[in-house]
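Now for the letters of each chain:
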Amino acid sequence: MILTINCGSSTIKYQLFNNEATQSVASGIVSRIGEADAYFQHQNQTETVKESRSVPDHTVAFQICIDNLLHPTYGAIDKIEAIEAVGHRAVHGADLFVDSTLIDEAVIAKLEACVPLAPLHNPANLIGIRGGMALLPHVPHVAVFDTAFNQTMPAKAYLYALPYELYEQHKIRKYGFHGTSVRYVSERAAALLQRPLSALKMVVAHLGNGVTMTAVAHGQAVDTTIGLATFSGVMMGTRSGDIDPGLIFHLHRQLGLSLTEIEDMLYKQSGLLGVSGLSNDMRTITEAAQAGNGRCQLAMEMFAYMATKYLGAFAAAMGGLDALVFTAGIGENSPEVRALICQNLAFLGLALDPAANQQAVGGQEMAINQVEDKTAVLVVPTNEEKMIALDTRRLVSSKNQA
Ligand code: AMP
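Residues numbered from 1 in each chain as written. Predicted model: local features only at pLDDT ≥ 70, side-chain atom pairs only at ≥ 80, totals over all residues. Heavy atoms only, no water.

S.K.: Describe the pairing of strand 4 (residues 39–44), with residues and values.
M.R.: Only one face of strand 4 is covered, namely the one carrying Phe 40, His 42 and Asn 44; the face carrying Tyr 39, Gln 41 and Gln 43 has none of its residues buried. When strand 3 (residues 24–31) meets strand 4, the two strands line up antiparallel, connected through six bridges. Following the sheet pairing, Ile 29 is matched in strand 4 by Gln 41. As defined by bridge partners, strand 4 adjoins strand 5 (residues 48–52) across five bridges and the pair is classed as antiparallel. Its bridge partner being in strand 5, Gln 43 is matched across the sheet by Thr 48. The turn joining strand 4 and strand 5, which pair antiparallel and follow one another in sequence, is formed by three residues. (Buried < 20%, exposed > 50% of the residue type's maximum accessible area, 1.4 Å probe, protein only. Helix = DSSP H or I, 4+ residues; strand = E, 2+ residues; numbered from the N terminus. Pairing = 2+ DSSP bridges.)

Pasting the structure below:
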């Protein structure tokens, strides 16, 4: 069996897959680690359990994961040796990793070197890797990087037009985000279209609380909306998306806001929440917009307009478009947002089938374009855990064959 671990600063998500990584047999989360209201939730194929627990630190949280997997009634395995490999989500591998990799001390050192680029995420990932290796020391561990997929972007796409030394000396460039999700979704999209990935130009619209649009040509990322930090591109739940950087100086000099206050505003008080004044949640925004709330209507229109603009830009950058692929919470579940994004795209040979668009909610893979259209529009539910498990299987089998 293959165990996947996604370790954040106060949560550990885990999922157990069969050896082929084709089927999930159990999954769970230990949440609010270190807080008074910590709990775990765990499910196998028949049962779901949720329980409050004292979880003072990640070591205890790991033990809870293993205890749950071994539990006589709601577990999934009867001995820990059933776990043959572990795949870890790793957020930032900078330009040091172009693919997933088996973890050794040298890999851990490189991940540590990437901490300044992802100060919130990489330390938590490292805790997960060390904790997992301590609990399961005799099996291979694999790191799967969010940034790896975007490493194929050409320099003209990943560089900022800044003094070149900033890139050379401080690795300041665009890295992208959600790469594991985009890789999974683009592979599934090609399978759904029954065409080789190498023959397709697509834009993957990962529209969730965080938003990334990625141009994928012939199976490789060629451009993406997220840059060095995680707020450029399309507006998000609470993040602004693209702004004129001059605004930061203006907010500082004219309104007297500190850098910390501006950062907090751009990351936590902007996006859907900032424009609507109501919520960061697209469901709430959509309901309020339908009930006539003008600010919510505007928030939806702005969100869709920004997405449409990037779709056009990436189609031009790739010199064509075979498929637009929607994924993540909003992409998979909101016919309203998908319709807004696609409303003016007939010039790209792309139009939605309204009935199929309405039908595509709640987790099925399907095409939602009109059949005669040149450009396909697909909804593909993302599954980062499965991609991590598949990579883990791939690397472990090539290690065994070597
Ligand atoms: P994620 O980050 O992928 O979990 O996505 C979270 C976002 O998906 C939130 O903005 C949710 O409001 C949105 N979402 C989930 N379900 C729906 C739905 N049925 N309609 C509209 N938005 C949804």
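S.K.: Just give me the short version of the sheet that holds strand 6 (residues 85–90), but keep the residues and values in it.
M.R.: One open sheet accounts for eight strands, arranged 5-4-3-2-1-6-8-7; its pairing is mixed. Pairing within the sheet leaves two strands with one partner each, and these edge strands are strand 5 and strand 7 (101–102). Sheet topology note: the strand 7/strand 8 (residues 141–145) ladder contains two bridges and is antiparallel. Residue Thr 101 lies in a different strand from strand 8, and its bridge partner there is Ala 143.

S.K.: Now, about the packing of helix 6 (residues 179–193) against helix 15 (residues 384–401): what can you tell me, with residues and values included?
M.R.: Where helix 6 contacts helix 15, the two axes come as close as 9 Å, and the packing angle between them is 85 degrees. Between helix 6 and helix 15, the angle is such that the two are roughly perpendicular. Between helix 6, through Thr 180, Ser 181, Arg 183, Tyr 184 and Glu 187, and helix 15, the contact on the second element is made entirely by Glu 384, Lys 386, Met 387, Ile 388, Asp 391 and Arg 394. (Axes fitted to C-alpha atoms, helices over the stretch in contact; angles between N-to-C directions. Parallel < 35°, antiparallel > 145°, perpendicular 65-115°, else oblique. Contact = heavy atoms within 4.5 Å.)

S.K.: Requested: an account of the pattern of salt bridges, with residues and values cited.
M.R.: Between side chains of opposite charge, a pair can form as their charged atoms come close. Per the stated rule, a full pass over the model turns up 13 salt bridges. Notably, a salt bridge pairs Arg 32 with Glu 35, separated by 3.2 Å at the nearest N-O pair. On the accessibility criterion, Glu 35 (39% relative accessible area) is partly exposed. For Asp 281, the salt bridge goes to Arg 283, with nearest N and O atoms at 3.2 Å. Given a relative accessible area of 26%, Asp 281 falls into the partly exposed group. (Salt bridge = Lys/Arg side-chain N within 4 Å of Asp/Glu carboxyl O.)

S.K.: Quick one: what's the story with the side chain of Asn 369, residue by residue and with numbers?
M.R.: The topology assignment puts Asn 369 in the loop between strand 13 (366–367) and strand 14 (376–379). A polar contact of 3.2 Å, which involves the side chain of Asn 369, links it to the backbone nitrogen of Val 377. Beyond its immediate chain neighbours, meaning those up to four positions away, Asn 369 contacts Ala 351, Leu 352, Asp 353, Thr 375, Ala 376 and Val 377. (Polar contact = N/O pair within 3.5 Å; in protein donor to acceptor, adjacent residues only side chain to side chain.)

S.K.: If you had to explain the nonpolar core to someone new, which residues and values would you point to?
M.R.: Core analysis: the biggest nonpolar cluster contains 48 residues, and Leu 207, Met 213, Phe 303, Leu 324, Phe 326 and Ile 368 have the highest contact counts within it. Looking at this core, the elements that each hand over two or more residues are strand 9 (201–207), strand 10 (211–217), helix 9 (271–276), helix 10 (282–290), helix 11 (294–318), strand 12 (323–327), helix 13 (335–342) and strand 14. Excluding anything up to four places from it in sequence, Leu 324 contacts Val 203, Ala 205, Leu 311, Cys 342, Leu 350, Thr 375, Ala 376, Val 377 and Leu 378. Counting 27 residues, the second-largest nonpolar core is a separate cluster that includes Leu 3, Ile 33, Ile 66 and Leu 136. (Core = buried A, V, L, I, M, F, W, Y, C linked by side-chain atoms within 4.5 Å.)

S.K.: Can you explain the sheet that holds strand 13? Please cite residues and give values.
M.R.: The sheet built from six strands is open, its strands ordered 11-10-9-12-14-13 with mixed pairing. Since the sheet does not close on itself, it has two edges, and those belong to strand 11 (220–224) and strand 13, each with one partner. Relative to strand 12, strand 9 runs parallel, the two sharing five bridges. Bridged to Val 204 within strand 12 is Val 325. Lying over the sheet, helix 6 contacts strand 9, strand 10, strand 12, strand 13 and strand 14, oriented at roughly 130 degrees with respect to strand 9. Here helix 13 sits on the sheet in contact with strand 9, strand 12 and strand 14, set at roughly 155 degrees to strand 12.

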